[in-house]
Amino acid sequence: MGNGGAADLFKSATLVKISGFILVSVVFFFLGKHFSDGSSQQLVYFSSHQNPDHDEITGPPSSVAFSPNHNKFFNITSLINDTSSAQTNENKEQESTESVSPPPPAPAVKTMGVVDENGVMAEDFEVGEFDTVVVENWGKANDTADLESDGKGGKVRVRVNKFPLCPESMREYIPCLDNKDAIKKLKSTEKGEKFERHCPEKGKELNCLVPSPKGYQTPIPWPQSRDEVWFSNVPHARLAEDKGGQNWIIIDKDKFKFPGGGTQFIHGADQYLDQIEKMIPEIAFGHHTRVALDVGCGVASFGAYLLSRNVTTLSVAPKDVHENQIQFALERGVPAMVAAFVTRRLLYPSQAFDFIHCSRCRINWTRDDGILLLEVNRLLRAGGYFAWAAQPVYKHEAILKEQWEEMVNLTSRLCWKLVKKEGYIAIWQKPLNNSCYLSRKEGTKPQLCDPDDDPDSVWYVDLKACITRLPEEGYGSNITTWPARLHNPPDRLQSVQVDAYMSRNELFRAESRYWNEIIESYVRVLHWKKFKLRNVLDMRAGFGGFAAALIENQLDCWVLNVVPVSGPNTLPVIYDRGLIGVIHDWCEPFDTYPRTYDLLHAAGLFSIEQKRCNISNIMLEMDRILRPGGHVYIRDSLAVMDELEEIATAMGWHVSIRDTSEGPHASYRILTGDKRLLQA
């Protein structure tokens with residue numbers, strides 16, 4: 001490079017930048033060396049001329065000055081080691097200016113058991129509080145004490161002891177119909193009062209498990225059970241001996257067999273039903289006629305054969321000399337109840353049945369001014385039919401002819417129309433409204449009931465010698481045909497007294513959807529169709545949504561819907577849907593034989609009835625009417641689940657608790673129980 005090139009280089013901007021960088025680097029090097037030198041320990045601090053006696057500023061504003069530690073040397077290690085002593089001195093200075101209260105001593109651990117706070121067995125412990133009453137009663141047989149408060153808001157749980165077996169003599173025991181002490185005290189039994197409910201007094205309720213007869217077997221499933229049942233399950237031969245010639249029932253080795261006949265239809269129920277439909281085609285079984293009542297039913301072959309025609313027939317009879325006829329009906333898988341036309345209303349609502357049948361039912365319909373036929377009139381739906389097959393219909397002996405004339409006279413005053421009389425059957429039809437009643441001659445008896453009479457009030461209500469008025473709105477007579485009536489909200493729904501913001505129609509549909517979803521899940525997850533359910537009891541039926549859901553999901557069973565007296569009377573709605581049911585108070589036993597139901601369903605029952613009933617009594621009654629191998633589904637609140645589980649276990653059920661579909665944090669649970677076979 002020449003001289004000219006060097007001169008250009010020094011004049012260029014690059015040279016200026018390089019020179020500036022070198023200069024800055026040198027300056028920072030000397031500054032850093034100066035402040036990091038051990039001989040220069042100058043700390044700069046802010047000074048604010050202050051009065052030593054006061055904390056207020058007296059001089060000019062703060063200024064910058066050198067630290068008083070300038071030119072002094074310190075041993076850093078000793079400073080670190082002396083931290084604790086410095087803190088002590090500092091604490092002493094603070095104590096001189098302010099007082100600090102010492103922390104409270106830690107509470108002593110109070111040992112309340114044989115295990116100390118570290119989980120180690122200890123010999124020195126203190127016994128906690130306990131309920132002396134519970135301790136005194138602990139271990140006493142059949143103690144069903146409820147949960148009791150410990151006085152501090154907690155609960156003391158008492159285990160229920162195992163219930164003993166009842167004597168073998170009680171294997172057919174129906175508490176309210178077998179109360180011999182109460183029957184002996186009756187002033188009169190002339191009208192059959194001994195066949196009505198007479199429940200045990202308080203303190204004398206059932207407190208043991210009703211045993212099964214020796215040799216009891218799992219019931220034969222439907223539909224085979226319509227024609228035969230095990231002899232060992234209903235070991236009573238008298239009915240077969242008395243009625244064998246009438247084709248009711250016969251004994252064949254280890255079974256009872258049912259040929260399908262009856263006193264008035266020896267050739268079989270099917271032929272008999274064909275005859276009725278030919279006489280009056282408008283009866284239309286399974287379409288116009290859906291719900292029937294068979295009075296004095298025998299072994300219920302009439303109802304058994306109507307089932308195949310899509311008609312649900314409730315068969316009723318008293319526990320009389322043929323005392324096991326209802327038990328045979330239920331063992332066959334046919335809807336039936338023990339009931340009698342005596343002095344009280346039957347436990348069914350007005351306008352319940354589309355068709356009522358009496359074949360040699362041994363009831364004097366015209367006695368006491370026709371009070372028993374007036375009860376039939378109350379139960380019969382407007383426009384419904386009453387069929388009477390009896391000797392006065394077709395025999396012409398003087399006394400029988402007189403009975404027929406009395407019957408014709410009474411039915412004409414009831415405004416019933418004799419539609420057809422053929423062979424040994426006579427069929428009447430009830431009017432659709434009150435017009436005929438109001439057009440009768442003045443003073444004609446029986447009179448119309450008072451307008452304020454409630455025809456659906458039946459619990460321990462005496463029979464009334466008056467004609468039940470039909471609703472002016474036409475409620476009960478304007479129902480749709482089957483199967484549409486199962487889903488359509490009936491007009492009588494509007495008469496149900498319920499506390500709700502939703503309309504009754506919305507409640508009706510919501511309940512149907514709710515149970516349909518639940519039953520669908522039971523069928524899918526719990527395999528309900530494998531249970532071979534036949535006889536089902538819904539202990540708190542509401543509008544009958546549970547029973548309707550079983551039909552929707554094609555489970556081949558029938559349901560007796562129970563409406564508790566403690567709630568709104570929804571029973572008229574249940575019958576308008578084409579279902580069957582009964583009013584009942586669960587504080588008392590139920591009118592059926594032991595071992596008659598395959599499934600007992602109770603939703604929200606115990607959380608309500610615990611306020612007025614003994615839960616143990618209800619559970620023992622459930623055990624009495626449940627078949628061995630039968631199932632229980634209780635859907636209720638957490639508050640009653642522990643007690644129910646204890647009682648169910650004490651009765652020998654196989655019990656489990658399940659979450660509802662809402663999950664483990666829901667306030668409801670499902671208790672499932674399976675009954676084991678118990679024999680004396």
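Note that residues are indexed from 1 along each chain, following the sequence as it is written. Restriction of local features to residues with pLDDT of at least 70 applies here, the model being predicted, together with a cutoff of 80 or more for giving and counting side-chain atom pairs; totals for whole chains, interfaces and linings are based on all residues. Values reported for side chains reflect all heavy atoms of the structure, with hydrogen atoms and water molecules removed beforehand.

Q: Any chance you could break down the overall build of the protein for me, citing the residues and the numbers?
A: Each helix and strand counted, the protein has 20 helices and 21 strands in total. Counting across all 680 residues of the protein, residues that qualify as buried make up 46%. Once local pairs closer than 6 in sequence are excluded, the contacts in the protein between residues at least 24 apart make up 66%. In these tables, accessible area is a Shrake-Rupley quantity obtained with a 1.4 Å probe, and a residue counts as shielded only by the protein chains included in the view. Carbon and sulfur atoms form 53% of the exposed surface of the protein, whose accessible area is close to 35,700 Å². We count a stretch as a helix when DSSP gives it H or I for four or more residues in a row; a strand needs E for two or more, and each element gets its number in order from the N terminus. Note on classification: 1.4 Å probe, protein chains only; a residue is buried when its accessible area is under 20% of the maximum for its type, exposed when over 50%, partly exposed between these limits. A contact between two residues is defined here by any heavy atoms of the two lying within 4.5 Å.

Q: Provide a residue-level description of the sheet that holds strand 18 (residues 597-603), including the pertinent values.
A: Pairing between strands is defined by DSSP: at least two bridges between the two strands are required. Sheet architecture is open: 7 strands sit in the order 17-16-15-18-19-21-20, paired in mixed fashion. Two strands in the sheet have a free side with no partner beyond their single neighbour: strand 17 (580-584) and strand 20 (654-659). Looking at each pair of strands side by side, their axes are set apart by 20° on average, direction ignored. Bridge count for strand 19 (residues 626-637) against strand 21 (residues 668-674) is 7 bridges, and the pairing is antiparallel. In the sheet register, Ile-634 faces strand 21, and the bridge partner there is Leu-671. Here an axis means a line fitted to C-alpha atoms, over the contact stretch when the element is a helix, while the angle between two N-to-C directions is reported on a 0 to 180 degree scale. Those strands touched by helix 15 (residues 504-525) are strand 18, strand 19 and strand 21, and its axis lies near 130° from that of strand 19. Helix 19 (residues 615-625) contacts strand 15 (535-538), strand 18 and strand 19 of the sheet and is inclined by roughly 145° relative to strand 19.

Q: Give a description of the packing of helix 11 (residues 367-379) against helix 13 (residues 398-413) that names residues and reports values.
A: It is the contact of helix 11 with helix 13, at a shortest axis distance of 11 Å, that shows an interaxial angle of 60°. Crossing hand, helix 11 versus helix 13: right-handed. Residues Asp-369, Gly-370 and Leu-373 of helix 11 touch helix 13, and the partners they reach there are Met-407, Leu-410 and Thr-411. What makes a crossing left-handed is the near helix being turned counterclockwise from the far one by less than a right angle; a clockwise turn instead makes it right-handed.

Q: Pulling in residues and values, what's your account of the nonpolar core?
A: Soluble globular proteins tend to pack their nonpolar side chains together in the buried interior. Among buried residues, those of type Ala, Val, Leu, Ile, Met, Phe, Trp, Tyr and Cys that are joined through side-chain atoms within 4.5 Å constitute a nonpolar core. Tyr-348, Trp-365, Phe-386, Trp-528, Phe-606 and Met-619 are the most contacted members of the largest nonpolar core, which totals 145 residues. With near-sequence residues (within four places) excluded, Tyr-348 lies in contact with Leu-314, Val-316, Met-337, Ala-339, Phe-353, Arg-378, Leu-379, Val-458, Leu-571, Tyr-575, Gly-581 and Val-582. By size, the runner-up hydrophobic cluster in this structure holds 10 residues, among which are Val-229, Val-234, Trp-248 and Val-299.

Q: Please give an account of the state of the cysteines that cites residues and values.
A: The definition used for a disulfide is geometric: two cysteine sulfur atoms within 2.5 Å. What the rule picks out here adds up to 6 disulfides. A sulfur-sulfur separation of 2.0 Å characterises the disulfide bridge that pairs Cys-176 with Cys-199. Residues Cys-176 and Cys-199 are joined through a disulfide that is right-handed, its torsion about the S-S bond being 105°. Of this pair, Cys-176 sits in the loop between strand 4 (155-156) and helix 6 (180-184) while Cys-199 sits in the loop between helix 6 and strand 5 (228-230), and the two are 23 residues apart along the sequence.

Q: Describe helix 15, naming the residues involved and giving the relevant values.
A: One fewer than the residue count of a helix, multiplied by 1.5 Å, yields its expected span. For helix 15, built from 22 residues, the straight-helix expectation of 32 Å at 1.5 Å per residue is met to within 8% by its first-to-last C-alpha distance of 32 Å. Within the sequence span of helix 15, burial applies to Phe-508, Glu-511, Trp-515, Ile-518, Ile-519, Tyr-522 and Val-523. Buried residues along helix 15 cover an arc of 135° about the axis, so they all sit on one side. Away from its buried face, by an angle of more than 90 degrees, helix 15 presents the exposed residues Arg-513, Glu-517, Arg-524 and Val-525. Each element contacted by the buried residues of helix 15 is listed here: helix 16 (545-552), helix 17 (571-576), strand 18, strand 19 and strand 21. Looking one or two residues past helix 15, His-527 carries a phi angle of roughly 55°, positive in sign. Starting at the helix axis, one direction is taken to each C-beta atom, and the arc is that of these directions.

Q: Can you explain the pairing of strand 8 (residues 291-295)? Please cite residues and give values.
A: Burial runs high along strand 8: 5 of the 5 residues are buried. A two-sided burial pattern is seen for strand 8, the buried positions comprising Val-291, Leu-293 and Val-295 on one face and Ala-292 and Asp-294 on the other. Handedness of the crossover joining strand 8 and strand 9 (residues 312-317) through helix 9 (residues 301-306): right-handed. We call a crossover right-handed when, viewed with the strands running away from us, the connection from the first strand over the helix to the second turns clockwise.

Q: I'd like a description of the packing of aromatic side chains, backed by residues and values.
A: Stacked, edge-to-face and tilted are the three classes for Phe, Tyr and Trp ring pairs, Trp counted by its six-membered ring, which pair at centre distances within 6.5 Å; planes under 30 degrees apart are stacked, over 60 edge-to-face, the rest tilted. Under the counting rule described, the total for this entry stands at 27 aromatic pairs. With centroids separated by 6.0 Å and ring planes inclined at 70°, the aromatic side chains of Tyr-272 and Phe-302 adopt a geometry described as edge-to-face. Here Phe-302 lies in helix 9 and Tyr-272 lies in helix 8 (residues 269-279), a separation of 30 residues in the sequence. You can call Tyr-272 buried: its relative accessible area is 2%.

Q: Please give an account of a nonpolar patch on the surface that cites residues and values.
A: Taken together, the side chains of Ile-18, Phe-21, Ile-22 and Val-26 define a hydrophobic patch exposed on the protein surface, amounting to about 400 Å² of accessible area. Position of Val-26 relative to the elements: it lies in helix 2 (residues 13-36). According to the relative accessible area criterion, Val-26 is partly exposed, its value standing at 39%. Patch definition: residues above 30% relative accessible area lacking any salt bridge, with like charges linked at up to 9 Å and the nonpolar side chains Val, Leu, Ile, Met, Phe, Trp and Tyr linked at up to 5 Å. Within this document, salt bridges are pairs made up of a side-chain nitrogen of Lys or Arg and a carboxyl oxygen of Asp or Glu, the two lying within 4 Å of each other.

Q: Please give an account of the sheet that holds strand 5 that cites residues and values.
A: Across the sheet, 3 strands lie side by side as 5-7-6; this open sheet has antiparallel pairing. The open sheet is flanked by strand 5 and strand 6 (250-252), the only strands paired with a single partner. Across the sheet, the mean angle from the axis of one strand to that of its neighbour is 30°, orientation sign disregarded. Here strand 6 pairs with strand 7 (residues 255-257) via 3 bridges, running antiparallel.

Q: Give me the lowdown on the environment of Leu-206, citing residues and values where you can.
A: As for its position among the elements, Leu-206 is in the loop between helix 6 and strand 5. The sequence separation of Leu-206 and Leu-620 amounts to 414 residues, and the corresponding C-alpha distance is 7.3 Å.

Q: How would you explain the side chain of Glu-228 if you had to name every residue and give the values?
A: By the secondary structure assignment, Glu-228 is in strand 5. Within the structure, Glu-228 has its side chain in polar contact with the side chain of Gln-224 (distance 2.5 Å). Polar side-chain contacts of Glu-228 include one of 3.1 Å to the side chain of Lys-255. Setting aside chain neighbours within four positions, we find Glu-228 in contact with Ile-220, Lys-255, Phe-256, Lys-257 and Phe-258. Residues adjacent in sequence count toward polar contacts only when both atoms are side-chain atoms; beyond that, a polar contact is any pair of N or O atoms within 3.5 Å, and within protein one must be able to donate a hydrogen and the other to accept it.

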